[in-house]
Protein chains: 2
Amino acid sequence: MDHFEVTYQLRLLSGETVEQKIEDLCLEQSAELPRRLLSRAIAERVTGKPGEPQKISDNHWRVSIQWPTDDIGDEITQLLNLLYGNISMKPGIRILDLSWDSLPSGLMNGPAWGIDRLREAFGTPRRALSSTALKPMGADAGTLGNDCYEFACGGIDVIKDDHGLANQHWAPFEERLKAGVEAVRRAADDAGHRARYFPNITSSASKTLERYRLAAETGADGALICPHLCGPETLHQLARTALPLPLIAHPAFSGALTGHPDSGFEPGFLCGGLWRALGADFVIYPNTGGRFNFSSDDCHSINAHARATEQPWPRSFPMPGGGIKFDTLPGWIEEYGRDITFLIGGGLYDHPKGIRYAAREFTELLQDQR
Amino acid sequence: MDHFEVTYQLRLLSGETVEQKIEDLCLEQSAELPRRLLSRAIAERVTGKPGEPQKISDNHWRVSIQWPTDDIGDEITQLLNLLYGNISMKPGIRILDLSWDSLPSGLMNGPAWGIDRLREAFGTPRRALSSTALKPMGADAGTLGNDCYEFACGGIDVIKDDHGLANQHWAPFEERLKAGVEAVRRAADDAGHRARYFPNITSSASKTLERYRLAAETGADGALICPHLCGPETLHQLARTALPLPLIAHPAFSGALTGHPDSGFEPGFLCGGLWRALGADFVIYPNTGGRFNFSSDDCHSINAHARATEQPWPRSFPMPGGGIKFDTLPGWIEEYGRDITFLIGGGLYDHPKGIRYAAREFTELLQDQR
């Protein structure tokens, strides 16, 4: 029988023993019945088989559990259910890692592009990439297109829609898409740098697929989606289409899963591991020191998971956003390495000489580190 | 300009002021730029307009914010993004309520059936309803069908698949569906009580829709979905189909949103408010005193939200599961009222005289309270 392994961190509540908590987890996420009510055959067939737990501190333990791959059937939703369905409602359980290479083949495929193919397509063999966001919500498509043109002339590599730009009447999806595509092409003619435009296509699963097709047909260079808004499996479906566009995964609505140290998902596992497995070529995360609550360890862990060579698929670009200023950028490159895409959004809008100049200052700092 | 209102509970971190935290929220969830970078027109058009904050305790405040309905466009995903997209990654913000009746008309429609129509269809005008789950994962479709038959003969009103029964090879969806449908019909002929069978149709959004159609065609009486696995909007899409089946919403994968008192969603808002708005006729939640971490207040709040008559759509059946025993059932009816569906799963499998007898004992207790 084939198995895959999930590694958990457990915090014991008053009165709990580690054996009890593990036994409970192995049953809750499979048979959902007490062991004494299961036949030996069913218990063997579906329940998790724990390894030896390791004590980390007084109340914290780490344990790996082998799960029958048959429990998943052929569905990502059921993998997510097995990982964190009912136990999401139990305190003190955090998921740290998964043995991606022992999942059923074809269940997930990882990114269609990944770092190496993207570097080739972009003609940027070594340096860190630059990225920014078109905003604010409420601006019309013409204004957003102009900003896109300015950023592109300034040398930005990846220009994405803000994830709050959906289909509001000020800049409906289709209009915005056309404006962005046209802007990066015109900038390439005028300024010689071909920026890539990634519209936000997040909607219901079916509309996300529609917008993806429209984006590809219209000539967009990629697309941004929020997997926790449109359903994580949508990311996988997009990455599997013929002639796929590179995909950026955005963390909107996912923070409850990573924000509490004793529950949910370790950020590296979620953003660097799961989104990559589902097909994200870029994974956005809130950089430490910015306006969100990710620690330096969280960020390093996301980078490590996104770029781990042991995983059975191409590597994803980590895309830290927030907390990055021009004078700290060389330090971040030093710290995170060059296989990274820096996202500076609001910071570029706040430059006395305008956004094209701000973009140029940003991208020249990356050229220096070529 | 039309607005809708969201009520938040804020916990101030060291160094934060309530004004600052509110201003940050109003910008983060709309323009995502500092106010000084926004034109007056854009600020007026998209940012949240807060009311007067109320102090609840030393560090806790409550505030209502008016959001322009135009910020949503025409999409549930963008409503969820506005509610809890980026701020899901910021500590100390919890969503308590939403003015459902001021959302754009047609954005959400609530349950297609609701308590009153279901009572009429089921022929149960007053009493509390009974419900159970087919399990365990690993059993074949024939065994699950037999259990379904036994439960139906025992008088259970709603027999649902366990949410872990997906499309595993032991009991593939289609086989299981047929066995369940056949079982409740045969039991009606043999024992005179027509139980309702609700298969679990949770999968990717598109496969969920496919299974829903198949369930309706095969003669299922309803369907169970986990909105946080297949994407919340899928629930809405199902509830809007022609000749819709009643829908049960299951909380799998949602626990990170409700399990922390200073962040995420108040359980009544999520399970009783949002799932109802999206179209759930029944909302499952882990009853207090069971194996999950919901408090008595949480449960009462879910009941209140699910049955509130101020909301612009039919009422949903609260469906508490866990922590309910035969001898405590009369007390729960007293406490929760009769507009409720009690879910006893594992408890019925653990009866010395078998599941049909257990079901009969369960359902007779509800008849007594007619």
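Calculation notes
- Residues numbered from 1 in each chain as written.
- Chains lettered and ligands numbered in written order.
- Predicted model: local features only at pLDDT ≥ 70, side-chain atom pairs only at ≥ 80, totals over all residues.
- Heavy atoms only, no water.
- Helix = DSSP H or I, 4+ residues; strand = E, 2+ residues; numbered from the N terminus.
- Rg over C-alpha atoms; globule rule 2.2 N^0.38 Å.
- Buried < 20%, exposed > 50% of the residue type's maximum accessible area, 1.4 Å probe, protein only.
- Areas by Shrake-Rupley, 256 points an atom, 1.4 Å probe, with all protein chains shown as cover.
- Contact = heavy atoms within 4.5 Å.
- Core = buried A, V, L, I, M, F, W, Y, C linked by side-chain atoms within 4.5 Å.
- Phe/Tyr/Trp six-rings, centres within 6.5 Å; stacked < 30°, edge-to-face > 60°.
- Lys NZ or Arg CZ within 6 Å of the ring centre and 35° of its normal.
- Buried area = accessible area lost by both parts, 1.4 Å probe.
- Salt bridge = Lys/Arg side-chain N within 4 Å of Asp/Glu carboxyl O.
- Polar contact = N/O pair within 3.5 Å; in protein donor to acceptor, adjacent residues only side chain to side chain.
- Nonpolar A, V, L, I, M, F, W, Y, C, P; charged D, E, K, R; others polar.
- Pairing = 2+ DSSP bridges.
- Least-squares fit on C-alpha atoms with pLDDT ≥ 70 in both.
- Expected span 1.5 Å × (residues − 1).
- Axes fitted to C-alpha atoms, helices over the stretch in contact; angles between N-to-C directions.
- Parallel < 35°, antiparallel > 145°, perpendicular 65-115°, else oblique.
- Left-handed = near helix turned anticlockwise from the far one by under 90°.
- Disulfide = S-S within 2.5 Å.

### Overview of the overall build of chain A
Counting secondary structure elements, chain A contains 15 helices and 14 strands. The C-alpha atoms of chain A give 22 Å as radius of gyration, which agrees with the globular expectation for 370 residues (21 Å, within 12%). Counting only C-alpha atoms and orienting by the principal axes, one finds that chain A spans roughly 75 × 40 × 35 Å. For chain A, with 370 residues in total, the buried portion stands at 64%. Accessible surface computed for chain A: about 12800 Å², of which carbon and sulfur atoms make up 47%.

### Comments concerning helix α1 (residues 18-28) of chain A
Residues of α1(A) that are buried: A:Val18, A:Lys21, A:Ile22, A:Leu25, A:Cys26, A:Leu27 and A:Glu28. Here the buried face of α1(A) lies against β1 (3-11), β2 (49-50), β4 (60-68) and β5 (93-98) of chain A.

### Digging into the nonpolar core
Ranked by size, the top nonpolar core spans 221 residues in total, and within it A:Tyr8, A:Met108, A:Phe342, B:Tyr8, B:Met108 and B:Phe342 carry the most contacts. Those residues in contact with A:Tyr8 that sit more than four places away from it in its chain are A:Leu25, A:Trp61, A:Arg62, A:Val63, A:Ile65, A:Trp67, A:Ile87, A:Ile93, A:Arg94, A:Ile95 and A:Leu96.

### Observations regarding the packing of aromatic side chains
Enumeration according to the criterion identifies 22 aromatic pairs over all chains in this entry. Ring geometry for A:Phe151 and A:Tyr349: centres 5.5 Å apart, planes at 80°, overall edge-to-face. One end of the pair, A:Phe151, is in helix α5 (residues 141-153); the other, A:Tyr349, is in helix α14 (residues 346-349), and 198 residues separate them in sequence. A single burial state applies to A:Phe151 and to A:Tyr349, both of which are buried. Through pairs of rings, three or more aromatic residues link up here, namely A:Tyr84, A:Trp100, A:Phe265, A:Phe269, A:Trp313 and B:Phe253. Above the face of the A:Tyr149 ring, A:Arg186 is positioned so that its terminal group lies 4.1 Å from the ring centre.

### Regarding the interface of chain B and chain A
Tallying the contact residues gives 73 residues for chain B and 73 residues for chain A. Where chain B abuts chain A, roughly 6200 Å² becomes buried across the two surfaces, and 58% of that area is made up of carbon and sulfur atoms. By the criterion of area lost to chain A, the three top residues of chain B are B:Met89, B:Met137 and B:Phe253, representing 13% of everything that side buries. If you look at where chain B meets chain A, you find six salt bridges. Counting across the interface, chain B meets chain A through 29 residue pairs in polar contact (both at pLDDT 80 or more). Looking at the side of chain B that touches chain A, the elements with two or more residues in it are α2 (40-46), α3 (76-84), α7 (205-218), α8 (227-230), α9 (232-239), α10 (255-258) and α14 (346-349) of chain B. Examining the composition of the side of chain B that touches chain A, we find that five residues originate from one element, α3(B), more than from any other. When the residues that make up the side of chain B that touches chain A are grouped by side-chain class, the tally is 29 nonpolar, 28 polar and 16 charged.

### Describing the pairing of strand β4 (residues 60-68) of chain B
Residues and elements named next belong to chain B. Judged from the nine bridges that link them, strand β1 (residues 3-11) and β4 form a sheet pairing that is antiparallel. In the strand pairing of β4, histidine 3 is matched with proline 68. With two bridges joining them, strand β2 (residues 49-50) and β4 adopt antiparallel strand pairing. Along β4, the bridge assignment pairs proline 50 with isoleucine 65. In this sheet, β4 lies alongside strand β3 (residues 54-55) in antiparallel orientation, the contact comprising two bridges. Bridge pairing links glutamine 54 to arginine 62 in β4. Two successive antiparallel strands, β3 and β4, enclose a turn made up of four residues.

### Topic: the relation of the copies chain B and chain A
For the match of chain B to chain A, the screw axis carries a shift of 0.0 Å, the RMSD comes to 0.0 Å, and the turn is 180°. The transformation relating the two chain copies, once decomposed into turn and shift, fits a two-fold axis. In terms of proximity to the rotation axis, the leading residue of chain B is B:Gly231, whose C-alpha is 2.2 Å off the axis. In this assembly the copies share their binding face: 100% of the residues contributing to the interface of chain B also contribute to that of chain A.

### Some words on the environment of B:Arg356
All names here are of chain B. Checked against the element boundaries, arginine 356 lands in helix α15 (residues 355-368). Overall, arginine 356 belongs to the partly exposed group, its relative accessible area being 28%. Considering only alpha carbons, one finds arginine 356 and glycine 155, 201 residues apart in sequence, at a separation of 8.3 Å. Beyond its immediate chain neighbours, meaning those up to four positions away, arginine 356 contacts Tyr149, Glu150, Cys153 and Gly154. Among the polar contacts made by the side chain of arginine 356, one reaches the side chain of glutamate 150 at a distance of 3.1 Å.

### A word on the pattern of salt bridges
Scanning the model with the defined rule gives 34 salt bridges over all chains in all. A salt bridge links A:Arg11 to A:Asp262, with the nearest nitrogen and oxygen atoms 2.8 Å apart. Residue A:Arg11 is located in strand β1, and its partner A:Asp262 is located in the loop between α10 (255-258) and β11 (264-265); the two are separated by 251 residues in the primary sequence. For B:Arg356, the salt bridge goes to B:Glu150, with nearest N and O atoms at 3.1 Å. You can see B:Arg356 sitting in helix α15 and its partner B:Glu150 sitting in helix α5 (residues 141-153), a full 206 residues away along the chain. Residues participating in the shared-partner salt-bridge network are A:Asp116, A:Arg119, A:Arg315 and A:Asp339.

### Overview of helix α12 (residues 296-307) of chain B
Working note: α-helix, 3.6 residues per turn, so residues spaced by three or four point in the same direction. A rise of 1.5 Å per residue sets the reference length of α12(B), with its 12 residues, at 16 Å; its end C-alpha atoms lie 17 Å apart and thus fit the reference within 8%. Check the buried side of α12(B) and you find it contacts β5 (93-98), α11 (267-278), β12 (282-286), β13 (317-321) and α13 (329-336) of chain B.

### Side note on the side chain of B:Lys135
Structurally, the position occupied by B:Lys135 is in the loop between β6 (129-134) and α5. Judged by its relative accessible area of 5%, B:Lys135 is buried. Of note is the side chain of B:Lys135, whose polar atom sits 2.9 Å from the backbone oxygen of A:Glu32. Sequence-distant contacts of B:Lys135, that is, excluding residues within four places in its chain, are made with A:Ala31, A:Glu32, A:Leu33, B:Leu144, B:Asp147, B:Asp162, B:Gly346 and B:Tyr349.

### Some details on unusual backbone geometry
All names here are of chain A. With an omega dihedral of 5°, the bond running from lysine 135 to proline 136 counts as a cis peptide bond. By secondary structure assignment, the location of proline 136 is in the loop between β6 (129-134) and α5. In this structure, phenylalanine 253 takes a positive phi of about 70° despite not being glycine. Its place among the elements puts phenylalanine 253 in the loop between β10 (247-249) and α10.

### Observations concerning the packing of α7(B) against α9(B)
Residue and element names in this part refer to chain B. Closest axis-to-axis distance for the α7/α9 pair is 10 Å, and the angle between their directions is 30°. What the angle tells us is that α7 and α9 run roughly parallel. Relative to α9, α7 is oriented so that their crossing is right-handed. Between α7, through Ala205, Thr208, Leu209 and Tyr212, and α9, the contact on the second element is made entirely by Thr234, Gln237 and Leu238. Its residues assigned to classes, the contact of α7 with α9 comprises four nonpolar, three polar and no charged.

### Here's the deal with the side chain of A:Thr258
Within the fold, A:Thr258 resides in helix α10. Leaving out residues up to four positions away in the same chain, A:Thr258 has contacts with A:Arg94, A:Phe265, A:Pro267, A:Leu270 and A:Phe294.

### Structural notes on the state of the cysteines
Structurally, a disulfide amounts to a covalent bond that connects the sulfur atoms of two cysteines. Residue and element names in this part refer to chain A. Under the counting rule described, the total for this entry stands at zero disulfides over all chains. Note on cysteine 153: no disulfide assigned, nearest cysteine sulfur contributed by cysteine 148 at a separation of 9.7 Å. Look at cysteine 153 and you get buried, because its relative accessible area is 7%.

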